[in-house]
Amino acid sequence: MTPEQIQLIRDSFEPLKPLAPTVAEAFYAQLFARDPALRVLFRGGDMGEQGARLMQMLSAAIDLLDRPHSLTPVLLKLGQRHAGYGVVEAHYASVGAALLDTLSAGLGQGFTAEVRDAWTTMYGHVARTMQEGASTEALAA
């Protein structure tokens, strides 16, 4: 990612932070509408707590975007954990689309083509790295 993309992501995420519970709720609504089969992966868990974890993970990843040597191991472990929950490669596309839809709705006109491209690049990196971690989990099993 370029420094400009990292800054676009940080700047666009900042106004969403105070709205974290609402943003997380909107994300999961988008995700389950897009791919209802994913709902079973949450097994009746507390979606408020899940949403808080999602927003914390996003915030932490955004903070580490300019330090890939610190971000990569976190994403690899996250991918391993998610594989254990039953997440498969196909789910990452649904999550990415739901994330972009949620950001678009939340940021409105602030979700410019450049901001969308930056988030798409970031999510692509996150998804690929998590999938790499998931594949090491599968090999270990």
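Just above sits the structure.
Residues numbered from 1 in each chain as written. Predicted model: local features only at pLDDT ≥ 70, side-chain atom pairs only at ≥ 80, totals over all residues. Heavy atoms only, no water.

Visitor: For the overall build of the protein, give the residues involved together with the corresponding values.
Guide: The number of helices and strands found in the protein is 6 helices and 0 strands. Along its sequence from the N terminus, the protein presents helices and strands in the succession α-α-α-α-α-α. Relative to the compact-globule value of 14 Å for 141 residues, the protein shows a C-alpha radius of gyration of 15 Å, a close match. Principal-axis analysis of the C-alpha atoms gives the protein an extent of 45 × 35 × 20 Å. Relative to its 141 residues, the protein shows a buried fraction of 37%. Of the roughly 7900 Å² of accessible surface on the protein, a fraction of 58% belongs to carbon and sulfur atoms. Taking the average location of the 11 positive side-chain charges in the protein and that of its 15 negative ones, the two points are 5 Å from each other. (Helix = DSSP H or I, 4+ residues; strand = E, 2+ residues; numbered from the N terminus. Rg over C-alpha atoms; globule rule 2.2 N^0.38 Å. Buried < 20%, exposed > 50% of the residue type's maximum accessible area, 1.4 Å probe, protein only. Areas by Shrake-Rupley, 256 points an atom, 1.4 Å probe, with all protein chains shown as cover. Lys, Arg positive; Asp, Glu negative; His and termini not counted. Charge placed at Lys NZ, Arg CZ, Asp CG, Glu CD.)

Visitor: Can you break down the packing of aromatic side chains residue by residue, with the values?
Guide: Taken as a whole and judged by the stated rule, the model has 5 aromatic pairs. Judged by centre distance (6.1 Å) and plane angle (50°), the ring pair of Phe 13 and Trp 119 falls under tilted. Of this pair, Phe 13 sits in helix α1 (residues 3-13) while Trp 119 sits in helix α6 (residues 113-140), and the two are 106 residues apart along the sequence. In this structure Phe 13 comes out as buried when scored by relative accessible area, which is 3%. What makes Trp 119 buried here is its relative accessible area of 0%. (Phe/Tyr/Trp six-rings, centres within 6.5 Å; stacked < 30°, edge-to-face > 60°.)

Visitor: Describe in detail helix α5 (residues 89-107), supporting the description with residues and values.
Guide: Three- or four-residue spacings in an α-helix give side chains the same orientation, since the helix completes a turn every 3.6 residues. For α5, spanning 19 residues, the distance from its first C-alpha to its last is 28 Å, which sits close to the expected 27 Å at 1.5 Å a residue. Listed in full, the buried residues belonging to α5 are His 91, Tyr 92, Ser 94, Gly 96, Ala 98, Leu 99, Leu 100, Thr 102, Leu 103 and Leu 107. Downstream of α5 by one or two residues, Gly 108 has phi in the positive range, about 55°. (Expected span 1.5 Å × (residues − 1).)

Visitor: How would you sum up the side chain of Asp 35? Please name residues and give values.
Guide: Inspection of the secondary structure assignment puts Asp 35 in the loop between α2 (20-34) and α3 (47-63). Nearest to the buried, unbridged Asp 35 among oppositely charged side chains is Arg 34, at 8.3 Å. Setting aside its immediate chain neighbours within four residues, Asp 35 contacts His 91 and Ser 94. (Salt bridge = Lys/Arg side-chain N within 4 Å of Asp/Glu carboxyl O. Contact = heavy atoms within 4.5 Å.)

Visitor: Account for the pattern of salt bridges, naming residues and giving values.
Guide: Pairing of side chains with opposite charge becomes possible as their charged atoms draw close. Within the structure shown, the criterion is met by 5 salt bridges. Glu 49 is the salt-bridge partner of Arg 53, the closest N and O atoms lying 2.7 Å from each other. Here the residue Arg 53 and the residue Glu 49 both occupy positions in helix α3, the gap between them amounting to 4 residues, near one helical turn. Given the relative accessible area of 40%, Arg 53 is considered partly exposed. Exposure remark for Glu 49: the relative accessible area of 45% places this residue in the partly exposed category. What you see here is one network of salt bridges that share partners, running through Arg 10, Asp 66 and Arg 67.

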